[in-house]
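Structural characterization, general
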Amino acid sequence: MDIAHCNLDGNADAVEFCPHESFHNVLAACTYTLQEGDQPSRTGSISLFDVDAGSSRLSLIHRVQTAGIFDIKWSPFGGNVGPLLAQADADGYVRVHKLESCVDESDVPGNNLLEVSDEHVSSSMCVCIDWNPSATSLAVGLSDGSVSIVSFLESQLSISRNWKAHDFELWAASFDIHQPQLVYTGSDDCKFSCWDLRDDPSNLAFQNRKVHTMGICCITKSPSDAYTLFTGSYDEHLRVWDVRSIAKPVHETSISLGGGVWRIKHHPSVPDLVLTACMHNGFAVVKVKGDKAEVIETYNKHSSLAYGADWQRGCSGRKNKNNVIATCSFYDRLLRVWMPEGDIPE
């Protein structure tokens, strides 16, 4: 069921609902636009929206102009800090913004972003970003195949380590939320890797180069199962892994989604239910149970590359709470908010 939609001011590549209580209505969307010519530039923006599915509201409340952005992530709820939004951008910077409540000239409450800190990580582009569970570090993937761990302490960013992890663009860098000393990485070189940060330089805990037949786009750990991990690839498959033995993860099952799996988002309250952005084939909600994966619903009302997707959290007092979804697509600059038509399996 469609709730609302709008066009952004650039090519849309990520959307993120704020996970922090009192801010569940806040949706961040970012853009990346290449301006070609004699002096090409990469520009972008972060837009904040107020989302209320009950009244079909999608209202722009704040916008920040930036360098072209590849990825954004809110700090995890329950970390050591309040709501912070981290960005990875084409100028090689990591920037952290603080979400604050404000009141405009008409005494209307709202929200805005204030930049807290920035760090120039590399001359290469920062293409993905992820917080550790305590919001004290960020894992950053770079276009030259490197990964950086950037500390965030006392509101200041600083590079704690950097190493060459892959041969090509590193599209996926993700902390293990149950064992945050581990970082997973994936790249256009088709290698799925895990690094142990307790060693310096970081030790390669495992590397699988046989299963993915094309580049790896995203990696995410199941929040409800400490041994289950998901990967998405340009080869159009969503894969489920058992990482019980960290030295030798087991590929349990996979499902073809008809398009490169660029992003995976876990449902806030239903275990092993994921929302996927499938590039040329729209979006899909997938239920994984044991060694079986099944597409529950698809959404194909975007006319361009499906890149950004997220579930809204909270929304208590409303039927089908937690089932509001935001999605965005690249070249048509489209942002949509919707709900699945069918029942979500518990």
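Only a predicted model underlies this, so the values are computations on that prediction, with no experimental measurement involved. (Residues numbered from 1 in each chain as written. Predicted model: local features only at pLDDT ≥ 70, side-chain atom pairs only at ≥ 80, totals over all residues. Heavy atoms only, no water.)

1. Some details on the overall build of the protein chain
- Scanning the protein chain from terminus to terminus reveals 0 helices and 28 strands.
- Scaling as 2.2 N^0.38, a compact globule of 346 residues should have a C-alpha radius of gyration of about 20 Å, and the protein chain matches this with 19 Å.
- When the backbone C-alpha atoms are referred to their principal axes, the protein chain occupies close to 55 × 45 × 45 Å.
- Counting over 346 residues, the protein chain shows a buried share of 59%.
- Within the protein chain, counting contacts between residues at least 6 apart in sequence, those at least 24 apart form 48% of the total. (Helix = DSSP H or I, 4+ residues; strand = E, 2+ residues; numbered from the N terminus. Rg over C-alpha atoms; globule rule 2.2 N^0.38 Å. Buried < 20%, exposed > 50% of the residue type's maximum accessible area, 1.4 Å probe, protein only. Contact = heavy atoms within 4.5 Å.)

2. Topic: the sheet that holds strand 5 (residues 57-67)
- Taken in spatial order, the 4 strands make up an open sheet running 2-3-4-5, and their pairing is antiparallel. The sheet is open, and its two borders are formed by strand 2 (12-17) and strand 5, each paired with just one other strand. Across the sheet, the mean angle separating the axes of adjacent strands is 20 degrees when strand polarity is ignored.
- The pairing of strand 4 (residues 41-52) with strand 5 spans 10 bridges and is classified as antiparallel. In the strand pairing of strand 5, Ser47 is matched with Arg63. (Pairing = 2+ DSSP bridges. Axes fitted to C-alpha atoms, helices over the stretch in contact; angles between N-to-C directions.)

3. Regarding the nonpolar core
- Ranked by internal contacts, the top residues of the largest apolar core, which has 19 residues, are Leu27, Phe49, Leu58 and Leu335.
- Those elements that place two or more of their residues in this core are strand 1 (2-7), strand 2, strand 3 (26-35), strand 4, strand 27 (325-329) and strand 28 (334-338).
- Contact partners of Phe49, with chain neighbours within four places excluded, come to Cys6, Leu8, Asn25, Val26, Leu27, Ala29, Leu58, Ser59, Leu60, Ile61 and Leu335.
- In terms of nonpolar packing, the next biggest core, distinct from the first, is built from 16 residues, Ala88, Val96, Ile129 and Leu142 among them. (Core = buried A, V, L, I, M, F, W, Y, C linked by side-chain atoms within 4.5 Å.)

4. A look at the UniProt feature "repeat: WD" (unreviewed entry) in the protein chain
- Within the UniProt annotation, "repeat: WD" (unreviewed entry) is assigned to residues 209-245.
- The annotated region residues 209-245 carries 0% helix and 49% strand content, and the separation between its end C-alpha atoms amounts to 17 Å. (UniProt positions renumbered as here; feature names shortened; annotations may be inferred.)

5. Examining the sheet that holds strand 23 (residues 273-277)
- Read across the open sheet, the 4 strands follow the order 22-23-24-25; overall the sheet is antiparallel. Both outer strands of the open sheet, strand 22 (263-266) and strand 25 (292-299), are each paired with one neighbouring strand and no more. Across the sheet, the axes of successive neighbouring strands diverge by a mean angle of 25 degrees, strand direction being ignored.
- Note: strand 22 against strand 23, 4 bridges, orientation antiparallel. Residue pairing across strands places Lys265 opposite Leu275, the latter belonging to strand 23.

6. Brief notes about the packing of aromatic side chains
- Scanning the entire structure with this criterion turns up 14 aromatic pairs.
- Ring geometry for Trp262 and Tyr307: centres 5.0 Å apart, planes at 40 degrees, overall tilted. In this pair, Trp262 is assigned in the loop between strand 21 (250-256) and strand 22 and Tyr307 in strand 26 (residues 306-311), connecting sequence segments 45 residues apart.
- The exposure class of Tyr307 is buried, given its relative accessible area of 13%. (Phe/Tyr/Trp six-rings, centres within 6.5 Å; stacked < 30°, edge-to-face > 60°.)

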